[in-house]
Amino acid sequence: MWLIKMAWKNMWRNRSRTAITMAAIFFAVILSVIASSLKDGIFSNLVKNVVSFYTGYIQIHKKGFWDEQTLDNSFKSSSKTVRLIRGNKNVTAVASRLESFALASSVNITKGCLVAGIEPEKENRITFLEKKVIQGSYLLDTDYAVLLSQGLAERLKLTTNDTVVLIGQGYHGATAAGKYLVKGIVKFGSPDLNSRTLFMPLATAQNFYNADSMITSYVLSLRNTNNLQGIRSQLGEPLGRDFEVMSWEEMMPEVKQHIQTDSSNMKYVQGILYLLICFGIFGTLLMMMVERKFEMGMLVSIGMKKSKLIILLLYESVFTVLVGCLLGITASIPLVYYLNRHPIKMGGETAKVYERFGFEAIFPTSTEVSIFIYQGIVVLIIGLLLSLYPMYKVIRLDPVTAMKR
Amino acid sequence: MNTVIDAHNVSKVYNRETVPVYAINNVHLHIEKGEFAALVGPSGSGKTTLLNLIGGLDKPDTGSVFINELDITKLSANKLIDFRLKNIGFVFQSFNLIPVLTAKENVELIMQLQGIEKSVRDVRVQQLFRQIEMSDKMDVRPAQLSGGQQQRVAVARALASRPKFVLADEPTANLDSKSAFNLLDIMTKLNKEEHITFLFSTHDQRVIERARRIITLVDGRIVSDTAAVSTRHEKADV
């Protein structure tokens, strides 16, 4: 206990130096926490944006559908299956879809398109499709009408209240044909989706494809998206081998790759911050060892064991790092929460580019508690590792040499 | 058995490989319990080196140092630290005290290192501060004490562990006359009343006058040893 008391007093023997070290740690922790929470926040927002384009966080298909996306790989919609899915506490919404392809025609223009039969209300909870309507109005479950993506509508030269003709191959080789009212036009950030997607109510799609009660996928939104693989396994187990449960990461590997690449770049930034912390702490330790060389020699001379001296110095380092770290974390909490509520907004051309691709032009922070804890632990470990230097010096300390002036 | 320090044929050589310099050359020294002895000599004569060898801070190249019949040159570095803590009190020329601790805490430090209980420590600290006549300065930090007062606290600290003897390296070197006499008074009183053995290096005439035995070192050899208390001594070749 007396060693702790002595270490605390020693820490304040040179107030300015301790304050400078603490300030270095304080600011580095703030920057590190903000950088980390921004990174996680931006990626989480990116995922949210990408997921809300179309895929949802998780999709459940009949086994083999993802490799061969045909109506032959559809399955019968069942309330029992939906109950099984909803049984997972993490699932907040489930929407059924029947997806296939068809040729869409207007007067004399034809274009291949992706036809998505959806449950309008449930779908909106997952992909916020209603928000993407830029002309006309959103679908109702009972509508015998469609929503066209902006690019497709432009290609077919159609607008709301026009009629689109669809021709395709239905379930089990049946012919699918029909004409539908264009109830609205939706705009997608993804150029691919924007150029070739057509939405209609699920029942209308089942009728069009002659696939009564059949669907191709359940699209899920989740409460906590941190443990996707865990949730995927939890869902897969009760559903059995007939189904494939896929996360957005598997359905869009290119987005995951992008996040991983950006995440690695961010690690360099954090590395530089950690390096700053290292210099701050090491500088202090170096000065402290020079300044107190005589005193340490004297302490060993009068009978203080080197192990005790090492513990004393260790306490001093840990206290300095801990105080700087705790202050940094305490100060970063309101900052991170503020930036979460009031995200950094991009302006000008950058914002336009983001919006063009359907992303929100904002940089929110993540308020995950683990970020604060992780950064605190990393800085503490840095401090402890750097304390090895004074330990090494004490082990090699010769009291006679140390007390020579 | 009253012998406290017994140095046999002790030598310390620097620059062994190139031009050997004998800091201590074949010294024999015998100190009895209760002595008040001064090591005198010009700068570079080996006073501090000899104190370091006797105090177990340094190891001789040849010879042995016995403290209460224990050859401390055979002890490991770690055991020597423990030995010093229990058996030897040190007073250095200056910067003796830890600046962040109060005078009382500085004295208590030795006893804390020995693992002595707080109640026992408190009694001992009170007694020591009475002996150095500084009971009113116990809670003051070293920076607020004069040089002489700091050295008195250093003496109290050296005595805190009830050592076999106290080694003091130029204890009055940085003190004005009044402070030096004051410190010497206290050391003499402790020696006379408590029979505490003091061996100190000095070239301060004021200290030399108080010493009851004067050992003169020149170029690492004892050239004279005038003792009030009879001791065995070896005169070096001059």
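Residues numbered from 1 in each chain as written. Chains lettered and ligands numbered in written order. Predicted model: local features only at pLDDT ≥ 70, side-chain atom pairs only at ≥ 80, totals over all residues. Heavy atoms only, no water.

By the naming in an unreviewed UniProt entry, chain B is Putative ABC transport system ATP-binding protein, taken from Chitinophaga polysaccharea. Turning to chain B, the UniProt record has this under Sequence similarities (unreviewed entry): "Belongs to the ABC transporter superfamily. Macrolide exporter (TC 3.A.1.122) family." (UniProt positions renumbered as here; feature names shortened; annotations may be inferred.)

Under an unreviewed UniProt entry, chain A has the name ABC-type lipoprotein release transport system permease subunit and belongs to Chitinophaga polysaccharea. What UniProt states about chain A under its Subcellular location (unreviewed entry) heading is, verbatim, "Cell membrane". The UniProt entry for chain A carries the following comment under Sequence similarities (unreviewed entry): "Belongs to the ABC-4 integral membrane protein family. LolC/E subfamily."

**Topic: the packing of aromatic side chains**
Residues and elements named next belong to chain A. One pass over the full model with this rule turns up 14 aromatic pairs over all chains. Clustering of aromatic rings is evident, with ring pairs tying together Trp8, Trp12, Tyr315 and Phe319. Residue placement shows Lys131 over the ring face of Phe128; its charged tip is 5.2 Å from the ring centre. (Phe/Tyr/Trp six-rings, centres within 6.5 Å; stacked < 30°, edge-to-face > 60°. Lys NZ or Arg CZ within 6 Å of the ring centre and 35° of its normal.)

**So, the UniProt feature "domain: MacB-like periplasmic core" (unreviewed entry) in chain A**
The UniProt feature table records "domain: MacB-like periplasmic core" (unreviewed entry) at residues 18-235 of chain A. Annotated as residues 18-235 of chain A, this span is 38% helix and 33% strand, and its ends, taken at the C-alpha atoms, are 53 Å apart. (Helix = DSSP H or I, 4+ residues; strand = E, 2+ residues; numbered from the N terminus.)

**Details of the domain arrangement of chain A**
With domains assigned, chain A is organised as domain 1 (2-51 + 256-402) and domain 2 (58-224). Once you take the C-alpha centre of each, domain 1 of chain A and domain 2 of chain A turn out to be 50 Å apart. (Domains from an automatic or database assignment.)

**A look at helix 3 (residues 103-113) of chain B**
Helix 3 of chain B sits mainly inside the fold: 11 of its 11 residues count as buried. Taken together, the buried positions of helix 3 of chain B are occupied by Ala103, Lys104, Glu105, Asn106, Val107, Glu108, Leu109, Ile110, Met111, Gln112 and Leu113 of chain B. Residues of helix 3 of chain B that are buried in the fold lie against helix 1 (2-11), helix 11 (293-302) and helix 12 (306-341) of chain A together with helix 2 (77-87), helix 4 (118-131) and helix 5 (147-160) of chain B. (Buried < 20%, exposed > 50% of the residue type's maximum accessible area, 1.4 Å probe, protein only. Contact = heavy atoms within 4.5 Å.)

**Some thoughts on the interface of chain A and chain B**
Opposite the 23 residues of chain A that make contact, chain B presents 25 residues. Buried area between chain A and chain B, summed over both chains or domains, comes out near 2100 Å², and the portion from carbon and sulfur atoms is 69%. Three residues, Trp2, Lys9 and Ile302 of chain A, lead the burial of chain A against chain B; their summed loss comes to 29% of the area buried on that side. Inspection of the chain A/chain B interface yields 3 salt bridges. At the junction of chain A and chain B, the tally comes to 3 residue pairs in polar contact (both at pLDDT 80 or more). Contributing elements (two or more residues each) for the side of chain A that touches chain B: helix 1, helix 11, helix 12 and helix 16 (399-402) of chain A. If one sorts the elements of the side of chain A that touches chain B by residue count, helix 11 of chain A sits on top with 7 residues. (Buried area = accessible area lost by both parts, 1.4 Å probe. Salt bridge = Lys/Arg side-chain N within 4 Å of Asp/Glu carboxyl O. Polar contact = N/O pair within 3.5 Å; in protein donor to acceptor, adjacent residues only side chain to side chain.)

**Details of the pattern of salt bridges**
By the definition in use, this model includes 26 salt bridges over all chains. Residue Glu105 of chain B is joined to Lys5 of chain A by a salt bridge in which the shortest nitrogen-to-oxygen separation is 3.9 Å. Of this pair, Glu105 of chain B sits in helix 3 while Lys5 of chain A sits in helix 1, on two different chains. Judged by its relative accessible area of 16%, Glu105 of chain B falls in the buried class. One salt bridge connects Glu133 of chain B with Lys189 of chain B, and the closest N-O pair in it is separated by 3.8 Å. With Glu133 of chain B in the loop between helix 4 and helix 5 and Lys189 of chain B in helix 6 (residues 177-194), this residue pair connects regions lying 56 residues apart in the sequence.

**A few points about the nonpolar core**
Core analysis: the largest hydrophobic core is formed by 124 residues, its most contacted members being Leu29, Ile54, Phe129, Val153, Leu199 and Phe200 of chain B. Considering each element in turn, this core owes the most residues, 10 residues, to helix 12 of chain A. Core analysis: the next-biggest nonpolar cluster, separate from the first, contains 54 residues, Val94, Leu166, Ile231 and Met252 of chain A among them. (Core = buried A, V, L, I, M, F, W, Y, C linked by side-chain atoms within 4.5 Å.)

**Remarks on the packing of helix 12 of chain A against helix 14 (residues 369-386) of chain A**
Residues and elements named next belong to chain A. Taken N-terminus to C-terminus, the directions of helix 12 and helix 14 make an angle of 155°; their axes are 9 Å apart at the nearest point. Judged by the inter-axis angle, helix 12 sits roughly antiparallel to helix 14. As helix 12 packs across helix 14, the resulting crossing turns out to be right-handed. Touching Leu314, Val318, Val321, Leu322, Cys325, Ile329, Ser332, Ile333 and Val336 of helix 12 are Phe372, Gly376, Val379, Leu380, Gly383 and Leu384, all from helix 14. By residue class, the composition of the contact of helix 12 with helix 14 is 12 nonpolar, 3 polar and no charged. (Axes fitted to C-alpha atoms, helices over the stretch in contact; angles between N-to-C directions. Parallel < 35°, antiparallel > 145°, perpendicular 65-115°, else oblique. Left-handed = near helix turned anticlockwise from the far one by under 90°. Nonpolar A, V, L, I, M, F, W, Y, C, P; charged D, E, K, R; others polar.)

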